[in-house]
There are 2 protein chains.
Amino acid sequence: MIMTDPLTATFAALADPTRRAMLARLARGPATVNELAEPFTLSLPTVSRHLKVLEDAGLVVKERDRQFRPCRLDTGPLQSADTWMEPYREFFGERLDRLDQQLKAMMVARRDAARTKKPGEGK
Amino acid sequence: MIMTDPLTATFAALADPTRRAMLARLARGPATVNELAEPFTLSLPTVSRHLKVLEDAGLVVKERDRQFRPCRLDTGPLQSADTWMEPYREFFGERLDRLDQQLKAMMVARRDAARTKKPGEGK
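Here the structure is a predicted model, which is why all the values come from computation and not from measurement.

Criteria and thresholds
Residues numbered from 1 in each chain as written. Chains lettered and ligands numbered in written order. Predicted model: local features only at pLDDT ≥ 70, side-chain atom pairs only at ≥ 80, totals over all residues. Heavy atoms only, no water. Helix = DSSP H or I, 4+ residues; strand = E, 2+ residues; numbered from the N terminus. Contact = heavy atoms within 4.5 Å. pLDDT = per-residue confidence, 0-100. Phe/Tyr/Trp six-rings, centres within 6.5 Å; stacked < 30°, edge-to-face > 60°. Buried < 20%, exposed > 50% of the residue type's maximum accessible area, 1.4 Å probe, protein only. Least-squares fit on C-alpha atoms with pLDDT ≥ 70 in both. Buried area = accessible area lost by both parts, 1.4 Å probe. Salt bridge = Lys/Arg side-chain N within 4 Å of Asp/Glu carboxyl O. Polar contact = N/O pair within 3.5 Å; in protein donor to acceptor, adjacent residues only side chain to side chain. Nonpolar A, V, L, I, M, F, W, Y, C, P; charged D, E, K, R; others polar. Axes fitted to C-alpha atoms, helices over the stretch in contact; angles between N-to-C directions. Parallel < 35°, antiparallel > 145°, perpendicular 65-115°, else oblique.

> Honestly, the environment of Leu 51 of chain A in this entry has me stumped. Any pointers?
Take Leu 51 of chain A: it is sitting in helix 4 (residues 44–56). With residues up to four places along the chain from it excluded, the contact list for Leu 51 of chain A reads Met 22, Val 33, Leu 36, Val 60, Lys 62 and Cys 71 of chain A.

> Hey, could you run me through the confidence of the model for chain A in this one?
Residues shown with low pLDDT carry predicted positions that ought not to be read at fine detail. On average, residues of chain A carry a pLDDT of 86, and 88% of them reach 70 or more. Predicted as a complex, the structure gets a pTM of 0.77 and an ipTM equal to 0.76.

> How do you make sense of the packing of aromatic side chains when you look at a structure like this?
Where two aromatic rings form a pair, the distance of their centres and the angle of their planes describe that pair. Under the defined criterion, the tally for this structure stands at five aromatic pairs over all chains. Consider the rings of Trp 84 of chain A and Tyr 88 of chain A, whose centres lie 4.9 Å apart with planes at 35 degrees: the pair is tilted. Residue Trp 84 of chain A and its partner Tyr 88 of chain A are located together in helix 5 (residues 76–116), separated by four residues, close to a single helical turn. For the pair shown, Trp 84 of chain A and Tyr 88 of chain A are each scored as buried. A ring pair is formed by Phe 11 of chain B and Trp 84 of chain B, whose centres lie 5.5 Å apart and whose planes are at 75 degrees; its orientation type is edge-to-face. On the criterion of sequence distance, the pair formed by Phe 11 of chain B in helix 1 (residues 6–14) and Trp 84 of chain B in helix 5 (residues 76–116) is long-range, its members being 73 residues apart. A single burial state applies to Phe 11 of chain B and to Trp 84 of chain B, both of which are buried.

> Mind showing me how you'd approach the relation of the copies chain B and chain A here?
One copy of the chain maps onto the other through a rotation about an axis plus a displacement along that axis. When chain B is fitted onto chain A, the two copies agree to an RMSD of 0.3 Å after a turn of 180 degrees and an axial shift of 0.1 Å. The two molecules are tied by a two-fold rotation axis, judged by turn and shift.

> It is not clear to me how the interface of chain B and chain A should be interpreted in this structure. Could you clarify?
The parts lose accessible area when they come together, and the size of an interface is often stated as this lost area. Chain B puts 31 residues into the contact, and the matching count from chain A is 31 residues. A buried area of about 2700 Å², summed over both sides, lies between chain B and chain A, and 64% of it is on carbon and sulfur atoms. Asp 82 of chain B serves as the salt-bridge partner of Arg 89 of chain A, at 2.9 Å between the closest nitrogen and oxygen. If you look at where chain B meets chain A, you find eight residue pairs in polar contact (both at pLDDT 80 or more). Secondary-structure elements contributing two or more residues to the side of chain B that touches chain A are helix 1, helix 2 (17–26), strand 2 (71–73) and helix 5 of chain B. Here the element with the most residues in the side of chain B that touches chain A is helix 5 of chain B; it accounts for 14 residues. In the side of chain B that touches chain A, the residues fall into 18 nonpolar, four polar and nine charged.

> Help me out: how do you make sense of the packing of helix 2 (residues 17–27) of chain A against helix 4 of chain A in this one?
When two helices pack together, their arrangement is given by the angle between the helix axes and by the axis-to-axis distance. All names here are of chain A. Across the interface, helix 2 lies against helix 4 with an axial gap of 10 Å and an inter-helix angle of 75 degrees. What the angle tells us is that helix 2 and helix 4 run roughly perpendicular. In this structure, helix 2 contributes Thr 18, Arg 19, Met 22 and Leu 23 to the contact, and helix 4 contributes Val 47, His 50, Leu 51, Val 53 and Leu 54. Residue composition of the contact of helix 2 with helix 4, grouped by class: six nonpolar, two polar and one charged.

> Is there a simple way to think about the pattern of salt bridges in this case?
Proximity of charged atoms lets side chains of opposite charge pair with each other. Counted under the stated rule, the structure contains 14 salt bridges over all chains. The salt bridge partner of Asp 5 of chain A is Arg 20 of chain B, with a shortest N-O separation of 2.8 Å. With one member in each of two chains, Asp 5 of chain A in the segment before helix 1 (6–14) and Arg 20 of chain B in helix 2 form a pair that bridges those chains. We classify Arg 20 of chain B as buried; its relative accessible area is 8%.

If you want it as structure tokens, here you go:
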């Protein structure tokens, strides 16, 4: 049996649009399972299954001491994912720079092409 | 058939320690499949399978015009994941504040307990 590391569990939990929507709902405040199920056209068992994945990843905590056991968001695992992302962030600017350079090169090429064209040459 | 949205494909691709290690390797520069396989005790087909997941998610691009078709990192999908993370970041500070408060409360409680203990009471 392969033990799943926390970061893998977090990313696997985030790899589903319904689960991401559930997290977005919980970011606005705690909610019961019924309240979480409401906006989705999903059965309660399906929502519970998604919730289980989020709980196992530590992204959702069920308040055990309160009636209806509302679920609340724990952003701890997201913070770890955010930290993992850190070394890659330096590329984001570079990537934009590269796209920017490509765009500029295309514009220069287009302008040059327009200039070298004789009037009426067209096409 | 359910179409996988780009964000889901990205998070699913990140949900594996080998694939994350491969991305970390590519962050240092392009590498051939053999170079990528080297540090892992994995067969070439297994590495190729992981690479396929990364390619499908757009995280890795194979240079088609060069010999040995080296793989390079494309951080575009990571940037989208980073953007998705944005609204949750405001909670990170809050969470630390709460942990900090809990720690302070524990320290106060411990100090109070130590003060109320009579000398020699111990245990």
